[in-house]
Amino acid sequence: SALLQVFCLNLFMKNSLQAQLINMGVIPTLVKLLGIHCQNAALTEMCLVAFGNLAELESSKEQFASTNIAEETFISSQVLVILLTYPLDAIKLQLVEAGLVECLLEIVQQKVDSDKEDDIAELKTASDLMVLLLLGDESMQKLFEGGKGNVFQRVLSWIPSNNHQLQLAGALAIANFARNDGNCIHMVDNGIVEKLMDLLDRHVEDGNVTVQHAALSALRNLAIPVVNKAKMLSAGVTEAVLKFLKSEMPPVQFKLLGTLRMLIDAQAEAAEQLGKNVKLVERLVEWCEAKDHAGVMGESNRLLSALIRHSKSKDVIKTIVQSGGIKHLVTMATSEHVIMQNEALVALALIAALELGTAEKDLESAKLVQILHRLLADERSAPEIKYNSMVLICALMGSESLHKEVQDLAFLDVVSKLRSHENKSVAQQASLTEQRLTVDS
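On a predicted model such as this, the values are computed, not experimentally measured, just so you know.

Asker: For this particular structure, what's the right way to read the overall build of the protein?
Answerer: The number of helices and strands found in the protein is 30 helices and zero strands. Relative to its full complement of 441 residues, the protein shows a buried share of 52%. Accessible surface, the protein: about 20,500 Å² in total, of which carbon and sulfur atoms supply 52%.

Laid out in structure tokens, this is it:
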């Protein structure tokens, strides 16, 4: 045993030694050790830490895949957690084919009504492991079985249960099953949305935050396929989600925002309805300042922009202006993420085209013109950013004060250089923008 511990300790050494040991076939050896010494807690723990270290190396994947872990080891829950969080589908598929799922479902059934501490812990472990098994694309699809599979049906039955752990595992499992369009469409057509909405309804007042987060995650994933959006909107998903607008928990806020953004994508009516909801827009503006929670801040900005881009509504723009949202869209145009910059610029161009008078003062105080000059002058700006910045400049010329700012900053110099840009769309827009600037100078 002491020798084996020394062997495991050697696996904590630098990558070059680990790589050599992998080439010598260390992973099957470790798996055998786990099988033989599963009762030795100290050695098992060292093996697992060694597994964790080796799992980070690309060269270990092949050996993990070719070692039949399910046959070789007496699998403890500790071992399973390490194996299932390792990003290799082959391991998860092996364990599914070895009958692990049936064992886990059996444990859940046996322990679900018990109030003994050990039984509650076992139920949690079994249902958590079930969710981890679904992280593999192949194992997930095998267990989905076109939505007819026994495992999928059993997991569905956890959602309406009165056990919080099973509700959580059920919602997380649905979020994992909802990782491709086919599965999402099948589940929405077969009533999963109503089950998740009922679950959320049970957790509105002082509810379980992890269950709220999991159910919202599932709804967000289900809303990705285009054909599901209208069905989910008519089922009342936005109303169900908006009940959590008062939540102070960033993980819930983040998923709520993502779900709404997915739902309104190319859905003009829904985007307009939400964009005129003053309480929602005010909350978004508040969350746009959540500097401690970058995810919530980013999603709030993206949803503000999406409300304008998908509704193209003057009323929505007015609501956002009145709630103080313009400065956040201008700041978003300077994001390090090109997709967010672009979304902001398109939304700002719509504002300038539809309600320039209403937004003029806010655009001035947010220093939009200076930011656009910087984006156009910066060689690192992506072609689409340059293109949309020039479109926006042209739209701003309808405002006397913003027009003056454009003239004062000598935009013509920057724009004329872009006429020879390698991107044809950018070059073309530069010529049009130059003409506009020359005519209006």
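Asker: Honestly, the nonpolar core in this entry has me stumped. Any pointers?
Answerer: Counting residues in each nonpolar core, the largest one holds 125 residues, and the members touching the most others are Ile 174, Phe 177, Leu 196, Leu 222, Leu 363 and Leu 396. Per element, the largest residue contribution to this core is twelve residues, and it comes from helix 25 (residues 338-365). Look past the residues within four positions of Leu 396 in its chain and what remains in contact with it is Ala 352, Leu 356, Leu 363, Leu 368, Val 369, Leu 372, Leu 402 and His 403.

Asker: For this particular structure, what's the right way to read the environment of Lys 148?
Answerer: As for its position among the elements, Lys 148 is in the loop between helix 11 (137-144) and helix 12 (150-158). Assessed through its relative accessible area of 65%, Lys 148 is described here as exposed. Apart from residues lying up to four places away in sequence, Lys 148 is in contact with Gln 153 and His 186.

Asker: Would you take a moment to explain the pattern of salt bridges for this structure?
Answerer: Oppositely charged side chains are able to pair whenever their charged atoms sit close together. Applying the stated criterion to the full structure yields 17 salt bridges. A salt bridge links Asp 408 to Lys 404, with the shortest nitrogen-to-oxygen separation between them at 3.0 Å. Of this pair, Asp 408 and Lys 404 both sit in helix 28 (residues 400-408), four residues apart, roughly one helical turn. Several salt bridges converge on common partners, so that one network encompasses Lys 111, Asp 119 and Glu 122.

Asker: Can you help me understand the side chain of Gln 429 in this one?
Answerer: Mapping Gln 429 onto the fold places it in helix 30 (residues 424-439). Residue classification places Gln 429 among the buried positions, given a relative accessible area of 10%. Sequence-distant contacts of Gln 429, that is, excluding residues within four places in its chain, are made with Tyr 387, Met 390, Val 391 and Cys 394.

Asker: Please explain the packing of aromatic side chains as it appears in this structure.
Answerer: Two descriptors summarise a pair of aromatic rings, namely the distance from one centre to the other and the angle between the planes of the rings. For the structure on display, the rule yields three aromatic pairs. Between the aromatic rings of Phe 144 and Phe 152, the centroid separation amounts to 4.8 Å while the plane-to-plane angle is 65°, which identifies the pairing as edge-to-face. A residue is classified by how much of its surface remains accessible, and Phe 144, at 2% relative accessible area, is buried. Consider the rings of Phe 144 and Phe 177, whose centres lie 5.5 Å apart with planes at 45°: the pair is tilted. Highlighted residues: Phe 144 in helix 11 and Phe 177 in helix 13 (residues 164-177), separated in sequence by 33 residues. Phe 177 matches Phe 144 in its accessibility class, with the two residues each being buried. Three or more aromatic residues joined by ring pairs form one cluster here, namely Phe 144, Phe 152 and Phe 177.

The rules behind each value
- Residue numbers run consecutively from 1 along every chain, following the written order of its sequence.
- Where totals are concerned, whole chains, interfaces and linings use all residues; where local detail is concerned, this predicted model gives features only for residues with pLDDT of at least 70, and gives and counts side-chain atom pairs only at 80 or more.
- Computation of side-chain values: all heavy atoms of the structure, hydrogens and water removed.
- Numbering of helices and strands runs from the N terminus, with a helix taken as a DSSP run of H or I at least four residues long and a strand as a DSSP run of E at least two residues long.
- Buried means the residue's accessible area, taken with a 1.4 Å probe over protein chains only, is under 20% of the maximum for its type, while exposed means over 50%, and partly exposed covers the values in between.
- Note on areas: Shrake-Rupley, 1.4 Å probe, and residue coverage restricted to the protein chains presented here.
- Only buried residues count toward a nonpolar core. Its members are Ala, Val, Leu, Ile, Met, Phe, Trp, Tyr and Cys residues joined through side-chain atoms within 4.5 Å.
- We call two residues contacting when some pair of their heavy atoms lies within 4.5 Å.
- By definition, a salt bridge exists where a carboxyl oxygen of Asp or Glu is found within 4 Å of a side-chain nitrogen of Lys or Arg.
- Only Phe, Tyr and Trp rings take part, Trp by its six-membered ring, and two of them pair if their centres are within 6.5 Å. Stacked means planes under 30 degrees apart, edge-to-face means over 60, and tilted covers everything else.

On their own, these measurements won't tell you what the molecule is for.
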